[in-house]
Amino acid sequence: MSLTDITRLWIATFLLYAATGAVFPIFPIYMSSRGLSPSQIGLVVSVATLSSIVPIVLIGHFSDVMNREKVQGIIGIGLALLIPAYIYLRALFSFMAMHSAYVALAYSYMTLSGAIAMDYIRTSRGSGFGKFRTSGALGWILGTFLGGWITENVGFLVAFITSSLFFWTSALLFYIGGRGKKLYAQGGKAFNSLRIEAFKKALTNSAVYSLLLAIFIASLTTPAYYTFLPLYMTKRLGASRFISSLAFTITPVAEVPAMIYIGALSDRVGRRKIITLCLAAYPARYTLTVLVGRPELVILVQLLHGLTFGGLYVVSTAYLSDSVPEDMKGLTLSLYTIFMNLGSFVGNYMMGFIVEKLGYEIMYFTAATISLLSIPTLITFSRRR
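Residues numbered from 1 in each chain as written. Predicted model: local features only at pLDDT ≥ 70, side-chain atom pairs only at ≥ 80, totals over all residues. Heavy atoms only, no water.

(A) Layout of the nonpolar core. Judged by nonpolar contacts, the single largest core of 110 residues is most densely connected at Tyr 86, Tyr 102, Phe 160, Phe 167, Leu 279 and Met 363. Tallying contributions element by element places helix α6 (residues 92–120) first for this core, with 15 residues. Every residue in contact with Tyr 86, bar those within four places of it in the chain, is listed here: Phe 27, Tyr 30, Met 98, His 99, Tyr 102 and Phe 160. (Core = buried A, V, L, I, M, F, W, Y, C linked by side-chain atoms within 4.5 Å. Buried < 20%, exposed > 50% of the residue type's maximum accessible area, 1.4 Å probe, protein only. Helix = DSSP H or I, 4+ residues; strand = E, 2+ residues; numbered from the N terminus. Contact = heavy atoms within 4.5 Å.)

(B) The arrangement of the packing of aromatic side chains in detail. Taken as a whole and judged by the stated rule, the model has 21 aromatic pairs. Between Phe 309 and Tyr 313 the ring centres are 5.5 Å apart and the planes differ by 5 degrees, which places this aromatic pair in the stacked class. Taken as a pair, Phe 309 and Tyr 313 lie in helix α18 (residues 305–323) at a separation of four residues, close to a single helical turn. For Phe 309, a relative accessible area of 18% corresponds to the buried category. In textbook terms, an aromatic cluster arises when at least three aromatic residues are bridged by ring pairs, as seen for Phe 27, Tyr 30, Tyr 86, Phe 95, Tyr 102, Phe 156 and Phe 160. Its guanidinium or amino end placed over the ring of Tyr 175, Lys 70 lies 4.6 Å from that ring's centre, counting from NZ or CZ. In this arrangement the basic side chain of Arg 285 is found over the ring face of Tyr 225, its NZ or CZ atom lying 4.0 Å from the centre. (Phe/Tyr/Trp six-rings, centres within 6.5 Å; stacked < 30°, edge-to-face > 60°. Lys NZ or Arg CZ within 6 Å of the ring centre and 35° of its normal.)

(C) Expanded view of the pattern of salt bridges. Per the counting criterion, the structure on display carries four salt bridges. The shortest N-O distance in the salt bridge between Asp 267 and Arg 271 comes to 2.7 Å. (Salt bridge = Lys/Arg side-chain N within 4 Å of Asp/Glu carboxyl O.)

(D) Local environment of the packing of helix α16 (residues 271–292) against helix α20 (residues 360–372). Running from N to C, α16 and α20 cross one another at 165 degrees; their axes reach a closest spacing of 8 Å. Relative to α20, the element α16 lies roughly antiparallel. The hand of the α16/α20 crossing is left-handed. In this structure, α16 contributes Tyr 282, Pro 283, Tyr 286, Thr 287, Thr 289, Val 290 and Leu 291 to the contact, and α20 contributes Glu 361, Tyr 364, Phe 365, Ala 367, Ala 368, Ser 371 and Leu 372. Its residues assigned to classes, the contact of α16 with α20 shows ten nonpolar, three polar and one charged. (Axes fitted to C-alpha atoms, helices over the stretch in contact; angles between N-to-C directions. Parallel < 35°, antiparallel > 145°, perpendicular 65-115°, else oblique. Left-handed = near helix turned anticlockwise from the far one by under 90°. Nonpolar A, V, L, I, M, F, W, Y, C, P; charged D, E, K, R; others polar.)

(E) Inspection of the environment of Glu 255 at higher detail. Structurally, the position occupied by Glu 255 is in helix α15 (residues 251–269). For the pair Glu 255 and Leu 138, spaced 117 residues apart in the sequence, the C-alpha separation amounts to 8.8 Å. When residues no more than four places from it in sequence are discounted, the contact partners of Glu 255 are Ala 137, His 305, Gly 306, Phe 309 and Gly 310. Within the local environment of Glu 255, its side chain forms a polar contact with the side chain of His 305, the two groups lying 3.4 Å apart. (Polar contact = N/O pair within 3.5 Å; in protein donor to acceptor, adjacent residues only side chain to side chain.)

(F) Quick look at a nonpolar patch on the surface. Together, Leu 81, Phe 145, Trp 149, Val 154, Leu 157, Val 158, Ile 161, Leu 165 and Trp 168 give the surface a local cluster of nonpolar side chains, amounting to about 830 Å² of exposed area. For the nonpolar patch, the secondary structure elements donating two or more residues are α8 (134–153) and α9 (156–175). If you tally residues by element for the nonpolar patch, the top one is α9, at five residues. (Patch = residues over 30% accessible without salt bridge, like charges linked within 9 Å, V, L, I, M, F, W, Y side chains within 5 Å. Areas by Shrake-Rupley, 256 points an atom, 1.4 Å probe, with all protein chains shown as cover.)

(G) Quick look at the environment of Tyr 313. Of the residues examined, Tyr 313 reaches a relative accessible area of 10% and is grouped as buried. What Tyr 313 contacts, discounting residues up to four positions off in sequence, is Met 110, Gly 114, Phe 129, Arg 133 and Tyr 336.

(H) The packing of helix α5 (residues 68–82) against α9, seen in detail. Packing of α5 against α9 brings their axes to within 7 Å, and their N-to-C directions diverge by 165 degrees. The angle between the axes of α5 and α9 places the two elements in the roughly antiparallel class. When you trace α5 past α9, the crossing you get is left-handed. Along the contact surface, α5 presents Glu 69, Lys 70, Gln 72, Gly 73, Ile 74, Gly 76, Ile 77, Leu 79, Ala 80 and Leu 81, while α9 presents Ser 164, Phe 167, Trp 168, Ala 171, Phe 174 and Tyr 175. Class assignment for the residues of the contact of α5 with α9 results in ten nonpolar, four polar and two charged.

(I) Quick look at the environment of Tyr 107. Looking at the element boundaries, Tyr 107 is found in helix α6. Placed 234 residues apart in sequence, Tyr 107 and Asn 341 show a C-alpha to C-alpha distance of 9.0 Å.

(J) Structural detail: the confidence of the model for the protein chain. In this model, the protein chain carries a mean pLDDT of 83, and residues with pLDDT of at least 70 account for 88%. Mean pLDDT across the secondary structure elements of the protein chain bottoms out at helix α10 (residues 188–203), with 58, and peaks at α20, with 96. Confidence drops under a pLDDT of 50 for residues 179–191, and excluding neighbours within four residues, the segment shows 23 contacts in the predicted structure. (pLDDT = per-residue confidence, 0-100.)

(K) Inspection of α6 at higher detail. If you check α6, its first and last C-alpha atoms are 43 Å apart, about what 29 residues at 1.5 Å a residue would give, namely 42 Å. Of all 29 residues that make up α6, 23 are buried, and the element is covered over most of its length. (Expected span 1.5 Å × (residues − 1).)

(L) Quick peek at the side chain of Thr 227. Mapping Thr 227 onto the fold places it in the loop between α12 (223–226) and α13 (229–236). For Thr 227, a relative accessible area of 5% translates into the label buried. Apart from the residues within four sequence positions on either side, Thr 227 is in contact with Pro 28, Ile 41, Val 45 and Asn 348.

Here it is as structure tokens:
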């Protein structure tokens, strides 16, 4: 991998996460400002998550046999065109349709950025990918800070336009890449057969399905952070929109060292041990979010995101890439995203229902209990390998 490739891909991924970070924390607040209730917001995110499953799988399949970076560029352009249209949304069903399209493209965009990196990183994948993914952490810092500040001082429209510009630039940097795959020559029927066989191989690989089951369980609880933390901080703790966005800005501060050092540690002590450590941070994070009781302390608690996302994502990506053939990386990493999305689909509506009926505190304690179950799941099923 040349220095030119490293620089281009690093910057493209930096801008990708700046684009998503600029709008991600403000989506629930924007939906709420348009009159949606917590359960309706949860429903919007759940529907979007479920409807994204098939597109993500298809794009993952497609990227394994085409130039992955060209596919990535086209997706980024689609996102750049889509984001500004949010300002015209008013009704529940319009949010469902628009957010479903956004989630399908955004998750595919983020998934393929990891697959592209793994096309180049061949040895010491834990440390190599960890260093590369610092680009996303730093981009997220910039994006969430700008998105929160712009929304507070200028308005939602400018925040959406800022995100769109980041997507445009990122897409162009990916698209000019040339390292990709050639089309299979067997024809449509043989291609479909090959893809179905690859799908079966991935799902019957115990190294793969043990991790996917654990990720599914943990993802049932992630809406407690991604969807409802801004509402918890603004409505329950009285924080401003800008202060609530800082809970997302601070997370990459922990992600950067976690990605570098935890990824490298997994090269030495084993991936599954580190994944178990990262899963244990979920219940700790949710419990502390309730117990500290003050916005500034809630922000500090989110530093555990370095384990629950940064370390977990890097080590899981390396773990899955080590476990399947090179021509199945796009498919396998898309399955990782799918299982996260399935968990989030169920979890968004479940957490929204709990908030509406029992309150935010009960929701966080429920999330802590459920996420704890991911550890025995990983250990039990991985023993069958």
